[in-house]
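# Residue-level structure breakdown
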Amino acid sequence: MTLSLCLGMFAGQGWAFSLDDVAAKAEKLAGQSYSAPQSNLPPVFRNMAFADYQQLHFRGDKAVWKDLPTPFELRFYHQGMHFDVPVRINEITANGVEQIRYEPEMFDFGKVQIEPSALEDLGFAGFKVLYPLNKADKADELMTLLGASYFRVIGKDQVYGLSARGLAIDTALPSGEEFPRFREFWVERPEADRRNLVIYALLDSPRATGAYRMVVTPGKDSTVDVKARVYLRDPIEKLGLGALTSMYLFGANQPSNMLNYRPQLHDSEGLAIHTGADEWIWRPLNNPKRLAISSYSVENPRGFGLLQRTRDFDRYEDLDDRYELRPSGWVEPKGDWGKGRVELIEIPTPDETNDNIVAFWVPDERPETGEPLDFEYRLHFTMDEPALHDEKIAWVSQTRLSTGDVKQSNLIRQPDGSTALIVDFVGPNLAELPADAPVSTRVSVDDNAELVENNLRYNPVTKGWRLTLRLKVRDAKRPVELRAALVEGENTLSETWSYQIPTNE
């Protein structure tokens, strides 16, 4: 393989490579007109059915670093279907940077019949990182990077769920969303004793370019430290940083409208926010009947994410997809991000094959065209979400939706046209309180509903408190916004539960 990039030297030996090298490419790209990537796929791959694409396997004996003294391996995705544009992937070593070139012999094509001529001048669609997460003698998938600027990461005993992405542009705007893509990667070969992996990426889109450095650290909860520098070619109305994408079909707060043995089906069940003012907010997700956008103004956020709080198998009952093992994704900003908002976008979906939930940070101030925007954050992929949470503040363990009713003198419950929401708060601080502690609620409901019941009672099973809100919606064509928190005197005991009852149409 030939050297594709010449760089400076460390003290006379070895090759230096840094975010600045990728940023120089991004800045140069930003000063040029956008050139859309051209597909090189022959019809046999472009028109391939998903079942056939699944047969294209990278051969394990061809993995990069397989025979080197490092626990990491790189394997690659073949082009096919809508993954029709090759991605350039380079390896950084002590001697320089070399492109990892596509060779047909790297892949097993299964039962798919491919003419040798169709394999000429192809490339990789993306790549995955393997690491012995669960057993010392077995390499597991740790990270996958495939499509646009999407990537997914898991930790020990986790399965793939939600995705992160480098940048979101004009998501859910009438003008249409723009999807930046990572067009080139540089992966640093780790030393034998290195327990993290450094990946650089060059992002490109019609109105933005960017340079990214991602340090992936595997573990019980894997993390990715992201450092990025973004340039705009043209103004952007909505710039989404730290973007997370997930799926919510139905759950306890929005049961399935079809008979289904699975009580819940989602990769994430709520948006959590830790504000710069030290407030915690929890917003359960919905699968709305029409596009819904919720916005939370936050200055210097301490964290936000799409979380999977429910970890009991019997809440999902899915032996194949194991939703209880899908990680929460938590974005921990580094430094001050200034004024802006966390935006949640919920898109209607008829099934679990569509990612219909997006969350990201939108800064109030966007860079001028050609000026750099620098930002850093740490991504946590975790099943131990309470470890990220302030133990002095209780959190919502579940939100359940029910038909509102009133118990009659004969003990029969009679529906009264209201909607009931049952919210369970738990946490170490609540467990320490006696059952008769003077805990009360702070509740607000918008003008589209009348609150007819606000009932709080001690829950001896969870050693927390259960809040029952019963309300009558005035206009079913409009959503209803609610907020609630537990208080004891002047002290706030819990995060703020923020919920939207979606429209019926």
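Residues numbered from 1 in each chain as written. Predicted model: local features only at pLDDT ≥ 70, side-chain atom pairs only at ≥ 80, totals over all residues. Heavy atoms only, no water.

### A short note on the overall build of the protein
- Counting its secondary structure elements, the protein contains four helices and 36 strands.
- At 25 Å, the protein has a C-alpha radius of gyration in line with the 23 Å of a compact globule built from 505 residues.
- Each of the 505 residues in the protein was classed as buried or not, and the buried ones make up 52%.
- Taking contacts inside the protein between residues at least 6 apart in sequence as the whole, the part at least 24 apart equals 67%.
- By element, 47% of the accessible surface of the protein is carried by carbon and sulfur atoms, the whole surface being about 23,100 Å².
- Positive and negative side-chain charges of the protein, numbering 57 and 76 respectively, have mean locations separated by a distance of 2 Å. (Helix = DSSP H or I, 4+ residues; strand = E, 2+ residues; numbered from the N terminus. Rg over C-alpha atoms; globule rule 2.2 N^0.38 Å. Buried < 20%, exposed > 50% of the residue type's maximum accessible area, 1.4 Å probe, protein only. Contact = heavy atoms within 4.5 Å. Areas by Shrake-Rupley, 256 points an atom, 1.4 Å probe, with all protein chains shown as cover. Lys, Arg positive; Asp, Glu negative; His and termini not counted. Charge placed at Lys NZ, Arg CZ, Asp CG, Glu CD.)

### Let's talk about the sheet that holds strand β29 (residues 395-407)
- Taken together, four strands build an open sheet; the order of strands is β29-β30-β33-β32 and the sheet is antiparallel. Strands with a single pairing partner mark the edges of an open sheet, and in this sheet they are β29 and β32 (449-459). Sheet twist, expressed as the average angle between the axes of neighbouring strands with direction ignored, equals 20°.
- Relative to strand β33 (residues 464-473), β32 runs antiparallel, the two sharing 10 bridges. From the neighbouring strand, N459 faces β33, where its bridge partner is G464. (Pairing = 2+ DSSP bridges. Axes fitted to C-alpha atoms, helices over the stretch in contact; angles between N-to-C directions.)

### Looking at the pattern of salt bridges
- Per the counting criterion, the structure on display carries 32 salt bridges.
- Across the pair D170 and R207 runs a salt bridge whose closest N-O atoms are separated by 2.7 Å. Taken as a pair, D170 in the loop between β13 (168-169) and β14 (181-188) and R207 in the loop between β15 (197-204) and β16 (208-217) lie far apart in primary sequence, 37 residues in all. No difference in accessibility class separates D170 from R207, as the two residues are buried.
- Linking R262 and E352 is a salt bridge whose minimum nitrogen-to-oxygen distance equals 3.7 Å. With R262 in the loop between β19 (248-250) and β20 (265-266) and E352 in the loop between β26 (339-346) and β27 (357-363), the pair connects residues that are 90 residues apart, well separated along the chain.
- Judged by its relative accessible area of 13%, R262 is buried. (Salt bridge = Lys/Arg side-chain N within 4 Å of Asp/Glu carboxyl O.)

### Focus on the pairing of strand β22 (residues 280-284)
- For β22, a buried count of five out of five residues is recorded, marking the element as mostly surrounded by other parts of the structure.
- Here β22 shows no split at all, with W280, W282 and P284 on one side and I281 and R283 on the other all buried.
- For strand β21 (residues 270-274) and β22, the ladder comprises five bridges, and the chain directions are antiparallel. Along β22, the bridge assignment pairs A272 with W282.
- Counting the residues in the hairpin turn of β21 and β22 gives five residues, including D278, whose phi is positive at 70°.
- Relative to strand β36 (residues 496-501), β22 is paired through two bridges, and the arrangement is parallel. Counterpart to W282 in the pairing with β36 is W497.

### Some thoughts on the pairing of β27
- Burial analysis of β27 places seven of its seven residues in the buried class, the great majority of the element.
- Residues of β27 alternate between two faces, with I357, A359, W361 and P363 on one and V358, F360 and V362 on the opposite face, all of them buried.
- Summarising the sheet, strand β18 (residues 239-246) and β27 pair through four bridges and their orientation is antiparallel. Paired with L244 across the two strands is A359, which belongs to β27.
- Inspection of the sheet shows β26 paired to β27 by seven bridges, in the antiparallel sense. Paired with E346 across the strands is I357, a residue of β27.

### Quick notes on the packing of aromatic side chains
- Inspection of the entire model under this criterion finds 22 aromatic pairs.
- With 5.1 Å between their ring centres and 80° between their planes, F127 and F185 make a pair best called edge-to-face. With F127 in strand β9 (residues 124-135) and F185 in strand β14, the pair connects residues that are 58 residues apart, well separated along the chain.
- Look at F185 and you get buried, because its relative accessible area is 4%.
- The ring centre of W282 lies 3.7 Å from the NZ or CZ of R309, which sits over that ring. (Phe/Tyr/Trp six-rings, centres within 6.5 Å; stacked < 30°, edge-to-face > 60°. Lys NZ or Arg CZ within 6 Å of the ring centre and 35° of its normal.)

### Here we look at the environment of F127
- Residue F127 is classed as buried on the basis of its relative accessible area of 0%.
- Those residues within four positions of F127 in sequence are excluded, and the remaining contacts are L74, R75, F76, Y77, I89, M143, T144, L145, F185, V187 and I199.

### Quick look at unusual backbone geometry
- Even without glycine at this site, E317 takes up a positive phi of about 60°.
- With respect to the helices and strands, the residue E317 is situated in the loop between β24 (303-307) and β25 (328-334).
- For E317, a relative accessible area of 31% puts it in the partly exposed group.
- You will see that R322, though not glycine, has its phi angle at about 45°, which is positive.
- Take R322: it is sitting in the loop between β24 and β25.
- Owing to a relative accessible area of 29%, R322 belongs among the partly exposed residues under this scheme.

### Points about the environment of P235
- Looking at the element boundaries, P235 is found in the loop between β17 (222-232) and β18.
- You can call P235 exposed: its relative accessible area is 63%.
- Ignoring any residue separated from it by four or fewer positions in sequence, one finds P235 in contact with R207 and T369.

### Examining a negative patch on the surface
- Taken together, the side chains of E299, D336, D364 and E365 make up a negatively charged region of the molecular surface.
- By the element assignment, E299 lies in strand β23 (residues 292-299). (Patch = residues over 30% accessible without salt bridge, like charges linked within 9 Å, V, L, I, M, F, W, Y side chains within 5 Å.)

### Looking at the side chain of Q79
- Among the structural elements, Q79 can be located in the loop between β5 (73-78) and β6 (88-93).
- For Q79, a relative accessible area of 0% gives the class buried.
- At a separation of 2.9 Å, a polar atom in the side chain of Q79 contacts the side chain of N40.
- If we ignore the near neighbours within four places in the chain, the residues touching Q79 are N40, L41, F45, Y53, L56, D84, V85, P86, L122, G123, F124 and A125. (Polar contact = N/O pair within 3.5 Å; in protein donor to acceptor, adjacent residues only side chain to side chain.)

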